[in-house]
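# Coordinates in review
One-letter residues, chain by chain:
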Amino acid sequence: MSRGEGPVVSAGALVRLFHVSKSYLAGSWALRDVSLELEKGEFVFLTGPSGAGKSTLMRLIFAGEQPSEGQILVLGRNVGRVGPAGIAPLRRRIGVVFQDFKLLPRRTVEENVGIALDVVGVAEREKRARVFAMLKRVGLHHRRHHHPLSLSGGEQQRLAIARALINDPEILLADEPTGNLDPDLTLEIMDLIADAAARGTAVFVATHDHALIERYGRRVVRLEAGEVVHDAPVRGPLS
Amino acid sequence: MSRGEGPVVSAGALVRLFHVSKSYLAGSWALRDVSLELEKGEFVFLTGPSGAGKSTLMRLIFAGEQPSEGQILVLGRNVGRVGPAGIAPLRRRIGVVFQDFKLLPRRTVEENVGIALDVVGVAEREKRARVFAMLKRVGLHHRRHHHPLSLSGGEQQRLAIARALINDPEILLADEPTGNLDPDLTLEIMDLIADAAARGTAVFVATHDHALIERYGRRVVRLEAGEVVHDAPVRGPLS
Amino acid sequence: MSSVAQVRTALRTALHGVTGSPVTSLVAAGTIGLCLLLVGAFMLLVSNMDRLLDRFGSEIRVSAYLSEELDAPSQQELVARVETAPGVESVELVTKEQALERFRDAQGERAALLDGLEENPLPASLEIALVPEQRNQAGLRVLGEALEGLPGIAELGYGHEWIEGYQQAVALIRGVAFAIGGVLGLATLLIVANTIRLSIYARREEIEIVRLVGGSRSFMAAPFLLEGGAQGIVGGGVGVLLLYGFYWILLPSLRGGLELLLGYAEPAFLGLDESLWLVTAGALLGVLGSALALIQDGDRA
Amino acid sequence: MSSVAQVRTALRTALHGVTGSPVTSLVAAGTIGLCLLLVGAFMLLVSNMDRLLDRFGSEIRVSAYLSEELDAPSQQELVARVETAPGVESVELVTKEQALERFRDAQGERAALLDGLEENPLPASLEIALVPEQRNQAGLRVLGEALEGLPGIAELGYGHEWIEGYQQAVALIRGVAFAIGGVLGLATLLIVANTIRLSIYARREEIEIVRLVGGSRSFMAAPFLLEGGAQGIVGGGVGVLLLYGFYWILLPSLRGGLELLLGYAEPAFLGLDESLWLVTAGALLGVLGSALALIQDGDRA
Ligand SMILES: Nc1ncnc2c1ncn2[C@@H]1O[C@H](COP(=O)(O)OP(=O)(O)OP(=O)(O)O)[C@@H](O)[C@H]1O
Ligand SMILES: Nc1ncnc2c1ncn2[C@@H]1O[C@H](COP(=O)(O)OP(=O)(O)OP(=O)(O)O)[C@@H](O)[C@H]1O
Ligand SMILES: [Mg+2]
Ligand SMILES: [Mg+2]
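Below: a short report on this structure. (Residues numbered from 1 in each chain as written. Chains lettered and ligands numbered in written order. Predicted model: local features only at pLDDT ≥ 70, side-chain atom pairs only at ≥ 80, totals over all residues. Heavy atoms only, no water.)

### A look at the site of ligand 1
Near ligand 1 lie 19 residues; those nearest to it are T56 of chain A together with R143, S152, G154 and E155 of chain B. Neighbouring residues of ligand 1 are distributed over chains A and B. A52 of chain A places a polar main-chain atom, nitrogen or oxygen, 3.2 Å from an oxygen atom of ligand 1. One nitrogen or oxygen atom from the side chain of S55 of chain A is found 2.7 Å from an oxygen atom belonging to ligand 1. When the free accessible area of ligand 1 is taken as 640 Å², the share hidden by the protein chains comes to 89%. Elements with a contribution of two residues or more to the shell around ligand 1: α1 (54-61) of chain A together with α5 (153-165) of chain B. Tallied by class, residues from the shell around ligand 1 come to four nonpolar, eleven polar and four charged. (Near = heavy atom within 4 Å. Polar contact = N/O pair within 3.5 Å; in protein donor to acceptor, adjacent residues only side chain to side chain. Areas by Shrake-Rupley, 256 points an atom, 1.4 Å probe, with all protein chains shown as cover. Helix = DSSP H or I, 4+ residues; strand = E, 2+ residues; numbered from the N terminus. Nonpolar A, V, L, I, M, F, W, Y, C, P; charged D, E, K, R; others polar.)

In C-alpha cells:
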C-alpha cells in the first residue's frame, strides 16, 4: 500500500505512517506493519472488530503512545523525535474525540470546550463567542453552565466533539464519535465532521456503524488484529 | 398505559413505575409521568433520542437517584423507602451495564467481575470458576490479569457486561451495551442477554441501534423528552 | 456471608488498595510517620526533662540542727530514728567540723574572712533527703511534725524558697509541656485525618462503584479502615526508627553539653513501652482518620 | 499567547481548582496551617528563651577590687575611666560598707557568724556589666587587658564558672533548638509536599486531559503552583492566627509561672516581621510542594 519502498512525501499528506507496529505486551501486537497516508481534506473511516487497533492507531498519531517500530510523520514532524516539549504544539493542531470522551468533570460545559482555545491563547471575548457558536451547533448551548457529569451520554459525546472541532484543527481524529447518539443526531454530527473535511481538515473516523460508512461512501481502512486488511479509496490517490 | 388508576400488582412484575417524574434542575423534566411494568423474563428495548431520559429511568430503578414524584417498586420494595441500608441488598439482585462502564481502574479484569460476587460473599474457589466462565463467554479470559485501562473500548464494554451478568441478576439494566461493539460481537452479546431473559431475568436494554431492535423484535419503549411516546408490546400483556 | 470470608475479602481489598495506589499509601504512611516523629521527639524531650528535674529534686534536703550538748552516740541513735520517719529517703550526719569545712568551701576566695573566728559557731546537723513523692510543701510539713517531738533537735531548716522554686519549675515545665503537647497532638490528629481524607478522596470513584454494584457500607469501609491501620502501624514504626536515628546522631553533642552544664548527662531514649505506645497511636490515628474521612465524604458518595 | 493572558488564564484555572475541589484545597491549606502553627510555636518558644537567656546574661559582671588606699574622688574618677573601656555597658561602685552588707545578706540565718569580726576585711569594688555581644570569654579577656594598666585596681574577679556555665547553657539550648527546629522544618516540608502531592494526585486525570488537548507543561503547571502558593498563604495566615489564639489563652498561666519562678515575666509574641516570615514560608512551601509533586507525578501523566 505504498508507492515504492521508501517513504515518499506527497505534498498534501498531513499524516504518514510508515511500517508502524505497536506492542503493549511482549508477544502480542496491537498494530502490525501499518503504512498509510492521510491527506489534506481527506475523510477516512477506520473500521474493524473490537480490539483491532483503531484507538491505538489514533493514539499514535496524536503522540499519546510511541510506536514500537516504524516512523510516523504528523504535520511534517516525526512524532518519535519531537520530544516532550514538541508534543503540546502538535496536539494543538489536532482535534481528538476520545472514545471515553475525557471531559474535565469539574469544569462547566463551556469551559470544557474553551480549554482547547485557552491552550493556544485565544482572547477571552473571541473565545466566548466561538464556544457559544460551537455549542449551538451540537445543541448544547442551553447547558453551557452545567458540569459534564450532569449530561446524558449522548450530550457528553457531543461536548467531546465540540471541543475537538472548536479550534479548526488540521487533523481530526474521532474515535467512535456517534456510539451514543441516535440516528438523527448521528447524521447531524457527521455532517459537522464532513464540513470540517470540506474546509481542509484531514479526518479519521473510527466506527462500527456500517450504515454510516455506506451512507458517506468515503475511503475505508479496515483493521483486523492490528493489520490493515482493506483500504478502499473512494477519493484520493492511495492504493 | 396502566390497567386502571391505582397501582395494580401483577404477580410477575419485578419493576413497577407509577407516575414517576424526575427533575434534576428546577423547571426541566428528565422524566415525566412515566408508568410502566417489567415482568419476570421480559426483554424490553428502551429507545429515544439523546437526553430523552433513558439512563435516568435506569438510575431510578437501581436507586442511583430518587424520583421527584411517583412511586417505584423494585423486587417488591418501594425504593423511595428502603433507606440507605436497604439499597445495597437491592442492588445485589440487579445487574447494571453502565453507559460509561464504571470499571475499577486499579483492579484486574478478573477482580472487576469478581467484585459483584464479593459483595454477596461467594467463596473464593466458586468465584474464580464462575468469573473465568463468564470472561470466556465475552471473550476476555486471556486478558483476565490485565487492568481495564489497557483494554480497548469494546473490551471494556464487554467487561462491564460480564460484571452485570455474573451474579444471575433478577433484573438486568443495560445502558447502550453495544455502542462500542462491532456488529458480530453485538449479536453475540445480545444473545447472552437474551439467554438471561430466557432464564427469567427481566431485561431492560437502552439502545439507539434500530437494526438490533428489529432483529430481536421485542417490546419497545420509546422515550422523548422524558415522556413515554410509544410502548409496543410484542410479548407480555402490558398496555 | 461468613465473617471469616468477609475479613479475608476486606484484607485482600485493603492489600489491593495499597498495591494499586502505592503513592497514596506511602504518602499517608509517611505523613503519619513524620507526625509521630514530632510527637516522639517531644515525648523524648519531656521524659528527659522529667528525669533531670527528678535529679535536681533529689537535692532537696531538710537540715535538722542538733543541740550542742548531744554526744556522738546519741547523734547516731537520732540518725537511726529519723531514718524511719515518714517520707524520708536518707539521712546524713554533718558534724560541727564538717559544717565549718563546707561553709569555708562555699565562700571560695573570701574564705579568709573566717580566719578571724575564735570558735566554731556552726551546729552539727542531719541532712534529710525526702522520697521523690514527698518533695513538696506537704511532705515537708509531715516530716516537720514527725521530727517535732524528737529530743536533741534544736531547729529545722527547710530551705523553703528552694523547694518552692523547684515546685514551681516543675509545674511550669509540665504546664508548658502539656500545652505544647496538646497543640502538637491536635495538629497531628488533624494532619493525619487530612492526609487520609485526601487519599480516600483520590479513590472516591472506586468507592462509588463498589456502592453501585451493591457493596454495603461496611464492605466498602472495612478495607479503608484496615489500610488506615496498616499505614498507621508502618508510619508509627518509621517514626520511632527515625527518632532513634536522630537521637543517636545528636547524642554525643547533647551528652557533652549536658555534662559541662549540669555535671550530669544520662539522656535516655524512650522505653519499649513508650515506643510501642507510639506505634499503637499510629494505628489508632490511621483507623480513626479513615473513619472520619469515610463519615465525612461517604455521605456524598 | 500574551503573558498577561497567560497569567489570567492560569489565575482563572487556579480559582477553578479551588472552587472545583474545595475539599482538597481546604485540606491542603489546613495542613500547611497546622504545620506552620507548630513551627511558629517553636519559634515563639526559642525567641522567648533567647530573651530569657539575654536577661540572665545581663547579670554577668566583672568585679574589679580596688586597693585600700584609693580615696572616694579617685574611685569616682576610676568609674568614669572604666565606663569608656571596650565592651563595658555599665559600671557600679560598691564601697567596703556595701560589700559587707551584701555579704551579710547573702549569709541569711548564718549572718551572726560575722558578728565576731573586728574590722571589715572586704575591699571596695567596681561591678562592671558587659554589652550583650561581649558576654563571653573573649569579651572578658579584652576587658581584662583594658583594665590591666589602670592604677587603683588590685585584682579582677571574673566569675569564670558562671560565665562558662552561661555560655554552655546558651550553646546547649541553641543546639537543641537547632536540632529540633531542623527536624520540625524537614517534617513540615515533607508533610506539606505530601499533602499537595495527594491533592494533585486526586486531580491527575485533569492534568492528563489538559496535556491531551495540547496544554504545554507550563500551562498545566502554572495553576497548580498558583494554587499551592495561595493555599500556603492562607495556611500561613491561619497558622499565625491560631498561634496567636493559643498564646493569648495560655499567656496568663504562663506569665504567673514565670514570675514566681524567675521573678521576671515578659513573654512576647512573634514580631510582625516574624509573622510575615511565617506566611511567606507558607507560600514558598505551597509553591515548592506543588512543584515537587508536579515533577514527580508529571512524568507519568
Ligand atoms: N495500554 C494498553 N496496554 C495493553 N494492551 C493494550 C493497551 N491499549 C490497548 N491494548 C490492547 O491492544 C489491542 C488494540 O486496542 P485498541 O484500543 O486499539 O482497539 P480498538 O480497535 O480501538 O477496539 P474497540 O473497537 O474495542 O475500541 C486490544 O487488544 C487492547 O486490549
Ligand atoms: N445529574 C444531572 N443533573 C442535571 N441534569 C441531568 C443529570 N443527569 C441527567 N440530566 C439531564 O436529564 C436529561 C436526561 O438524561 P439521560 O441521561 O437520562 O438521557 P439519555 O436518554 O440516557 O440520553 P443518552 O442517549 O444521550 O444517553 C438530559 O437532558 C440530561 O442532561
Ligand atoms: Mg477503540
Ligand atoms: Mg444515557
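Read on, since the account is not over.
### Focus: the pairing of strand β10 (residues 227-232) of chain B
Residues and elements named next belong to chain B. Across five bridges, strand β9 (residues 219-224) lies against β10 in antiparallel orientation. Each bridged residue has a counterpart across the sheet, and for E224 the counterpart in β10 is E227. Following β9, the chain reverses through two residues before pairing antiparallel with β10; A225 in that reversal takes a positive phi of roughly 50°. (Pairing = 2+ DSSP bridges.)

### A word on the coordination of the magnesium ion (ligand 3)
Note on metal sites: the ideal angle is 109.5 degrees for four tetrahedral donors, and 90 or 180 degrees for six octahedral donors. All names here are of chain A. Distances from the magnesium ion (ligand 3) to its protein donors, namely S55 (OG) and Q99 (OE1), fall within the range 1.9 to 2.2 Å. You can see S55 sitting in helix α1 and its partner Q99 sitting in the loop between β6 (94-97) and α3 (109-118), a full 44 residues away along the chain. Taking relative accessible area as the criterion, S55 reaches 14% and is therefore assigned buried. (Donors = N, O, S within 2.8 Å, 3.2 Å for Na, K, Ca; no water. Buried < 20%, exposed > 50% of the residue type's maximum accessible area, 1.4 Å probe, protein only.)

### Some remarks on the sheet that holds strand β1 (residues 13-22) of chain A
All names here are of chain A. Judged by pairing direction, the sheet is antiparallel, and its four strands sit side by side in the order β2-β1-β4-β5 without closing on themselves. Strands with a single pairing partner mark the edges of an open sheet, and in this sheet they are β2 (31-39) and β5 (77-78). Lying on the sheet, α1 is in contact with β1, β2 and β4 (69-74); it crosses β1 at an angle near 120°. (Contact = heavy atoms within 4.5 Å. Axes fitted to C-alpha atoms, helices over the stretch in contact; angles between N-to-C directions.)

### Notes on the interface of chain B and chain A
Residue-level contacts link 22 residues of chain B with 22 residues of chain A. In total, about 1500 Å² of surface goes out of reach between chain B and chain A, with carbon and sulfur atoms giving 50% of it. Contact with chain A buries surface across chain B, with S50, N180 and H208 of chain B losing the most and accounting together for 31% of the total. Taken together, chain B and chain A are joined by zero salt bridges. (Buried area = accessible area lost by both parts, 1.4 Å probe. Salt bridge = Lys/Arg side-chain N within 4 Å of Asp/Glu carboxyl O.)

### Here's the deal with the relation of the copies chain B and chain A
Overlaying chain B with chain A gives an RMSD of 0.0 Å, the required rotation being 180° about an axis along which the chain moves by 0.0 Å. Taken together, the turn and the small shift mark the pair as related by a two-fold rotation axis. Residues of chain B ranked by C-alpha distance from the rotation axis are headed by G179 of chain B, positioned 2.4 Å from it. Most of the interface of chain B is mirrored in chain A: 100% of its interface residues are interface residues there too. (Least-squares fit on C-alpha atoms with pLDDT ≥ 70 in both.)

### Comments concerning α3 of chain A
Here α3 of chain A lies mainly inside the structure; eight of its ten residues are buried. Listed in full, the buried residues belonging to α3 of chain A are V109, N112, V113, G114, I115, A116, L117 and D118 of chain A.

### Re the site of ligand 2
The immediate surroundings of ligand 2 are formed by 19 residues, with R143, S152, G154 and E155 of chain A together with T56 of chain B found nearest. Ligand 2 is flanked by residues contributed from chains A and B. Within the backbone of S150 of chain A, an N or O atom sits 3.1 Å from a nitrogen atom of ligand 2. In this structure, R59 of chain B approaches ligand 2 through a side-chain N or O atom, which is 3.4 Å from a nitrogen atom. When ligand 2 is considered free in solution it has 630 Å² of accessible area, and contact with the protein chains removes 89% of it. For the shell around ligand 2, the elements supplying multiple residues, two or more each, are α5 (153-165) of chain A together with α1 (54-61) of chain B. For the shell around ligand 2, the element with the most residues is α1 of chain B, which contributes four residues.

### A look at the sheet that holds strand β1 (residues 61-66) of chain C
All names here are of chain C. The antiparallel open sheet is built from four strands, whose spatial order is β2-β3-β1-β4. Two strands lie at the open edges of the sheet, namely β2 (88-94) and β4 (153-157), each paired on one side alone. Each strand of the sheet is rotated relative to its neighbour by a mean of 20°, with strand direction disregarded. Two strands pair when backbone bridges link them, and β1 and strand β3 (residues 125-130) are joined in this way by five bridges, in the antiparallel orientation. Looking at the pairing, Y65 lines up with S125 of β3. Along the sheet face, helix α3 (residues 72-83) touches β1, β2, β3 and β4 and points at about 165° away from the line of β2. Against the sheet, helix α5 (residues 137-148) contacts β1, β2, β3 and β4, and its axis sits at roughly 140° relative to β3.

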